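The residues making up each chain are set out below.
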Amino acid sequence: MTRLQDAQGLEILHEGHRTRLKWHRLRKRFSDPLFSAEVMAEGFTVGASMELDMRVRGDGGFVVLHDKQLEGETTGHGPIAGKSITDLSDIRMQDGGRPLILSEDLAAMMQSTHPAALLQFDMKDDFEAIGARGIRHLAENFRDIAAAVIISGGSLDLIVAVKEKLPEVLRGIDPSDKLYDIRKVGGWKAVEMELRADLRGPTEPDTIYLHWSLILNAAKEGLDMIGLCRDEGKRVDAWTFTLRDPEAGFSEEEWTNFSALMALKPDQITTDEALATERAWRQRMTG
């Protein structure tokens, strides 16, 4: 099996701190097809951290898609929440005509993985839409898998329900949109108070997902959001930093932002260009 340190696009080591590079929507490069089972299999082999989006189906299961409607990413039509597993069987991804990845498929694919591999299920529906039936489906399909899984979402009620039914599975929360709104009304002190409340709240999260611009804007005003999370024993994923020109590497603006982000020592950075980001970092650091 490939060792973690032999593979590329996985992490950056800087000043003694390791920052993982998470493959956004199962892509290690932007040119990879969206939600590719082949790229996911590669990531399982080399020990990558990867993310996929999950939408609830009408029968309580899930499908790996980002949008509420099938039209944007697939050959199908209509809301995903109204479709059964049978309804989706003949639908294909628009990119390459690939079959959709269902939650049942994921469970089968994850039985053998590199011990460092981590797969994030980013739940795009709230608890009201998913309900007890959806949580039960997750518990039945992912309780005994070999791979490490983290279930994340913006719905705190959903993550609390995951904690109750799948206590062994890691949990993540993304308060970024809420914190942006609070910043407009109450300023950075209000943001700090809300973030602290979330860190100590009933979800008991392992990882906090924060928009990278939010992190940098807070830092400029004296609020170290990553340090705050670290003090509470939480990891931070900074999302989503993707190079505009992966072949050229960092522009000066991108380098200013990325190096400032790395100085704050996030545990993970989400990107659509993991390979190019690692390469561009290495080129900058070695001159």
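Structure: above.
Read on for an overview of the structure. (Residues numbered from 1 in each chain as written. Predicted model: local features only at pLDDT ≥ 70, side-chain atom pairs only at ≥ 80, totals over all residues. Heavy atoms only, no water.)

### Topic: the packing of helix 8 (residues 252-263) against helix 9 (residues 274-286)
As a packed pair, helix 8 and helix 9 sit with axes 12 Å apart at the nearest point and diverge in direction by 90°. Comparing their axes, helix 9 and helix 8 come out roughly perpendicular. In this structure, helix 8 contributes Glu 252, Trp 255, Phe 258, Ser 259 and Met 262 to the contact, and helix 9 contributes Thr 277, Trp 281, Arg 284 and Met 285. Tallied by class, residues from the contact of helix 8 with helix 9 come to 5 nonpolar, 2 polar and 2 charged. (Axes fitted to C-alpha atoms, helices over the stretch in contact; angles between N-to-C directions. Helix = DSSP H or I, 4+ residues; strand = E, 2+ residues; numbered from the N terminus. Parallel < 35°, antiparallel > 145°, perpendicular 65-115°, else oblique. Contact = heavy atoms within 4.5 Å. Nonpolar A, V, L, I, M, F, W, Y, C, P; charged D, E, K, R; others polar.)

### A word on the packing of aromatic side chains
The full count for this structure, using the stated rule, is 7 aromatic pairs. Between Phe 241 and Phe 258, the aromatic rings sit 5.1 Å apart at their centres with planes inclined by 70°, giving edge-to-face as the arrangement. With a gap of 17 residues between them, Phe 241 in the loop between strand 9 (235-239) and helix 8 and Phe 258 in helix 8 connect regions that are remote in the sequence. Judged by relative accessible area, which is 3%, Phe 241 ranks as buried. Since its relative accessible area comes to 0%, Phe 258 is described here as buried. Ring pairing ties together the aromatic residues Trp 212, Phe 241, Phe 250, Trp 255, Phe 258 and Trp 281, which thus form one cluster. Above the plane of the ring of Phe 30 lies Arg 27, whose end atom (NZ or CZ) is 4.6 Å from the centre. (Phe/Tyr/Trp six-rings, centres within 6.5 Å; stacked < 30°, edge-to-face > 60°. Buried < 20%, exposed > 50% of the residue type's maximum accessible area, 1.4 Å probe, protein only. Lys NZ or Arg CZ within 6 Å of the ring centre and 35° of its normal.)

### Some points on the environment of Arg 57
Checked against the element boundaries, Arg 57 lands in the loop between strand 3 (49-56) and strand 4 (62-63). Each C-alpha atom, one on Arg 57 and one on Ile 130, is 8.6 Å from the other, the two residues being 73 residues apart in sequence. Setting aside residues up to four positions removed in sequence, Arg 57 forms contacts with Phe 62, Val 63, Ile 80, Ala 81, Lys 83, Ile 85, Leu 88, Leu 102, Ser 103, Glu 104 and His 137. Within the local environment of Arg 57, its side chain forms a polar contact with the backbone oxygen of Phe 62, the two atoms lying 2.8 Å apart. (Polar contact = N/O pair within 3.5 Å; in protein donor to acceptor, adjacent residues only side chain to side chain.)

### With respect to the pairing of strand 8 (residues 207-211)
Side chains on a regular strand alternate between the two faces of the sheet. Counting buried positions over the 5 residues of strand 8 gives 5, a clear majority of the element. The two faces of strand 8 match: Thr 207, Tyr 209 and His 211 on one face and Ile 208 and Leu 210 on the other face are all buried. Note: strand 7 (residues 170-173) against strand 8, 2 bridges, orientation parallel. Counterpart to Ile 173 in the pairing with strand 8 is Ile 208. The pairing of strand 8 with strand 9 spans 5 bridges and is classified as parallel. Of the residues in strand 9, the one forming a bridge with Leu 210 is Ala 238. (Pairing = 2+ DSSP bridges.)

None of the figures reported here should be taken as evidence of function without further support.
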